[in-house]
Amino acid sequence: MARPRKPLLSTDRIVETARALVDAEGLAAVSTRRLAAELGVSGPSLYNHFRTKDEILEAVADSVSAQVDLSMFEDGRDWRTALHDWAVSYRNALRDHPNIVPVLARGPGRRPAALRLADAAYGAMVEAGWPPAQATSIGALMRYFIMGSALGSFAGGFVDDASAYDPADYPHLGQAHLLAEQQEKIDERAFEAGLTALLDGLALQYEQVRQQV
């Protein structure tokens, strides 16, 4: 009886396996030896696709950038709605893969999906009437806001032990031990509140920009 054939080693398989490792165990878990073991291949065979571990992590990061929806910049949505919907999609992608955020935070570099993302957002803002310099600033501030929201949970950072919050030391944190169990609700509400405030501020600036045209 013929032995079952092993799946062919491909760039996509390496990236998918590395992404799963990063998701489950963090960036430190990724090594060529570990990946080779997970894929059932010899270590040197990986070098036909990637020269270094850093190249693998860059590819994993770009695979996450590729999950961000960009259709809102092409289907006629106004600039504010497009930015809102893009931010939500962007954050969802990062929330699903939080351990890769430190790599993404370095900037797009030469990563194709990340560059397409930056190009789409910047181009849409310029087409909406924002001056190029301000469109650049919008891209930067949105990135700071979204990346920051994905680095960790505010609510999840409080332990669920009431004794940790002695009222003599922390008179206003009497309910802090309850935050963790409401983590998703609190974090989602905070993200939407921050995003709305950010977009409200941009809308005021946009009115000033249009008056100068």
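What you see is a predicted model; the values in this text were computed from it and never measured.

Calculation rules
Residues numbered from 1 in each chain as written. Predicted model: local features only at pLDDT ≥ 70, side-chain atom pairs only at ≥ 80, totals over all residues. Heavy atoms only, no water. Helix = DSSP H or I, 4+ residues; strand = E, 2+ residues; numbered from the N terminus. Rg over C-alpha atoms; globule rule 2.2 N^0.38 Å. Contact = heavy atoms within 4.5 Å. Areas by Shrake-Rupley, 256 points an atom, 1.4 Å probe, with all protein chains shown as cover. Lys, Arg positive; Asp, Glu negative; His and termini not counted. Charge placed at Lys NZ, Arg CZ, Asp CG, Glu CD. Core = buried A, V, L, I, M, F, W, Y, C linked by side-chain atoms within 4.5 Å. Buried < 20%, exposed > 50% of the residue type's maximum accessible area, 1.4 Å probe, protein only. Domains from an automatic or database assignment. Buried area = accessible area lost by both parts, 1.4 Å probe. Salt bridge = Lys/Arg side-chain N within 4 Å of Asp/Glu carboxyl O. Polar contact = N/O pair within 3.5 Å; in protein donor to acceptor, adjacent residues only side chain to side chain. Axes fitted to C-alpha atoms, helices over the stretch in contact; angles between N-to-C directions. Parallel < 35°, antiparallel > 145°, perpendicular 65-115°, else oblique. Left-handed = near helix turned anticlockwise from the far one by under 90°. Nonpolar A, V, L, I, M, F, W, Y, C, P; charged D, E, K, R; others polar.

**Some thoughts on the overall build of the protein**
- Secondary structure assignment for the protein yields eight helices and zero strands.
- Tracing the protein from N to C terminus, the helices and strands come up as α-α-α-α-α-α-α-α.
- Relative to the 2.2 N^0.38 estimate, which gives 17 Å for 213 residues, the radius of gyration of the protein is 22 Å and therefore markedly larger than a compact globule would have.
- Seen through its C-alpha atoms, the protein measures out along the principal axes to roughly 75 × 55 × 30 Å.
- Long-range contacts, defined here as pairs at least 24 residues apart, represent 69% of the contacts in the protein between residues at least 6 apart.
- Total accessible area on the protein stands at roughly 12500 Å², and carbon and sulfur atoms take up 53% of it.
- For the protein, the distance from the average site of its 21 positive side-chain charges to the average site of its 28 negative ones is 10 Å.

**Focus on the nonpolar core**
- Grouped together as the largest cluster of nonpolar side chains are 51 residues, with contacts concentrated most on Phe73, Leu83, Trp86, Leu94, Met125, Trp130 and Met142.
- Elements with a contribution of two residues or more to this core: α1 (11-25), α2 (32-39), α3 (53-65), α4 (79-96), α5 (101-104), α6 (112-127), α7 (132-150) and α8 (183-211).
- In this structure, this core is formed jointly by two domains, domain 1 (11-63) and domain 2 (69-211), each of which donates at least three residues.

**Considering the domain arrangement of the protein**
- We note that the domain assignment places domain 1 (11-63) and domain 2 (69-211) within the protein.
- Domain 1 puts ten residues into the contact, and the matching count from domain 2 is twelve residues.
- Here domain 1 packs against domain 2, burying approximately 960 Å² in sum over the two surfaces, 56% of which is carbon and sulfur.
- On the domain 1 side of the interface with domain 2, the three residues burying the most area are Glu58, Ala61 and Asp62, jointly 51% of the side's total.
- For the pair domain 1 and domain 2, the number of links is two salt bridges.
- The partner of Arg111 in a salt bridge is Glu58, and the shortest N-O contact between them spans 2.9 Å.
- Inspection of the domain 1/domain 2 interface yields seven residue pairs in polar contact (both at pLDDT 80 or more).
- When contributions to the side of domain 1 that touches domain 2 are tallied by element, the ones reaching two or more residues are α1 and α3.
- The element contributing the most residues to the side of domain 1 that touches domain 2 is α3, with five residues.

**Digging into the packing of α6 against α7**
- Between α6 and α7, the least distance of the axes is 9 Å, while the angle of their chain directions is 140 degrees. When the axes of α6 and α7 are compared, the pair comes out oblique. The element α6 and its partner α7 pack so that their crossing is right-handed. Facing Tyr122, Met125 and Val126 of α6, the residues of α7 in contact are Pro132, Ala135, Thr136 and Ile138.
- Along the lines of polarity and charge, the residues of the contact of α6 with α7 split into six nonpolar, one polar and no charged.

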